[in-house]
Amino acid sequence: MGKVYGYVRVSSMEQNEDRQMAALKQAKVAAGNIFMDKQSGKDFHRVNYKKMVSLLKKGDLLYIMSIDRLGRNYAEIQNQWRMLTKETGIDICVLDMPLLDTRNGKDLMGTFIADLVLQILSFVAENERENIRKRQEQGIAAAKKRGIRFGRPVTPIPGNFDEIIKKWENRQITFNEAIKECNMSQATFYRRLREYRNGRET
């Protein structure tokens, strides 16, 4: 009998993986054989997923909580499932969907049903990812309409900015003294300087 592994994925560092970890623990997966990524499921370019796949051997068993923890890209989920089960030769058990357990129903009908369920769930997973993206875009657009700004706050230009620039250009003050008087970083100072000079030239 091969080794037993578990895979956990959440989309960001803030999300909690406890529910998935508890399910794998209940399935008796050793802690040292559980691999976790805190990353989007849009593709499979994930460090720990790749590390786990490199260890998998024929006869091993992989547990995942649900198909969307494997990924959220319809075509890629299909490809990975085929690669793992057909090429590598492992079994996969999706804990919240008993029909997706390749240890069972290895006859033609069982394989057909599992493939059909996989296609449906893969589609649902990608569709949900698209819906999440659209909701985020709509939320950002609505927030911008309400005047909410995103990104770093804009550093205000001091009222005597032109005087500071002239003193710096005339070498009356050093560069460090200039940015200190403006209360700006070097990058912001250069950007504001560029804007100032462009405005002066027009």
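Engineer: How do you make sense of the pairing of strand β2 (residues 34-38) when you look at a structure like this?
Structural biologist: Regular strands place side chains that alternate from one sheet face to the opposite one. Direction of pairing for strand β1 (residues 4-10) relative to β2: parallel, over a ladder of 5 bridges. Paired with Arg9 across the strands is Asp37, a residue of β2. In the classification by handedness, the crossover that spans β1, the intervening helix α1 (residues 18-26) and the parallel β2 is right-handed.

Engineer: When you look at helix α7 (residues 175-182) in this model, what are you seeing that I'm missing?
Structural biologist: At 3.6 residues per turn, the α-helix brings residues three or four places apart onto the same side. If you check which residues of α7 are buried, you get Phe175, Ala178, Ile179 and Cys182. Seen end-on, α7 carries its buried residues on one side only, within an arc spanning 90°. Exposed positions of α7 whose direction lies more than 90 degrees from the buried face are Asn176 and Lys180. Note on α7: the residue one or two positions beyond its end, Asn183, has a positive phi of about 60°.

Engineer: How do you make sense of the sheet that holds strand β4 (residues 91-94) when you look at a structure like this?
Structural biologist: Judged by pairing direction, the sheet is parallel, and its 4 strands sit side by side in the order β2-β1-β3-β4 without closing on themselves. Where the open sheet ends on each side, the last strands, each with one partner, are β2 and β4. Between one strand axis and the next, the sheet turns by 20° as a mean value, whatever way the strands run. Each of β1, β2 and β3 (61-64) touches α1; the most contacted strand, β1, lies at about 170° to it.

Engineer: I'm lost on the environment of Met97 in this one. Help?
Structural biologist: Here Met97 lies in the loop between β4 and α5 (108-145). Residue Met97 is classed as partly exposed on the basis of its relative accessible area, which comes to 23%. Through-space distance from the C-alpha of Met97 to that of Leu118 is 9.8 Å; in sequence the pair is 21 residues apart.

Engineer: Would you mind going over the pattern of salt bridges with me for this structure?
Structural biologist: Two side chains of opposite charge can pair, provided their charged atoms sit close to one another. Per the stated rule, a full pass over the model turns up 6 salt bridges. The salt bridge partner of Glu17 is Lys38, with a shortest N-O separation of 3.4 Å. Taken together, the positions of Glu17 in the loop between β1 and α1 and Lys38 in strand β2 put the pair 21 residues apart, joining distant regions of the chain. In this structure, Arg72 engages Asp68 in a salt bridge whose closest nitrogen and oxygen atoms are separated by 3.2 Å. Accessibility assignment for this pair places Arg72 and Asp68 in one class, buried. Through salt bridges with shared partners, a single network forms among Asp68, Arg69 and Arg72.

The rules behind the values
- Residues numbered from 1 in each chain as written.
- Predicted model: local features only at pLDDT ≥ 70, side-chain atom pairs only at ≥ 80, totals over all residues.
- Heavy atoms only, no water.
- Pairing = 2+ DSSP bridges.
- Helix = DSSP H or I, 4+ residues; strand = E, 2+ residues; numbered from the N terminus.
- Right-handed = clockwise from strand over helix to strand, strands pointing away.
- Buried < 20%, exposed > 50% of the residue type's maximum accessible area, 1.4 Å probe, protein only.
- Arc of directions from axis to C-beta.
- Axes fitted to C-alpha atoms, helices over the stretch in contact; angles between N-to-C directions.
- Contact = heavy atoms within 4.5 Å.
- Salt bridge = Lys/Arg side-chain N within 4 Å of Asp/Glu carboxyl O.

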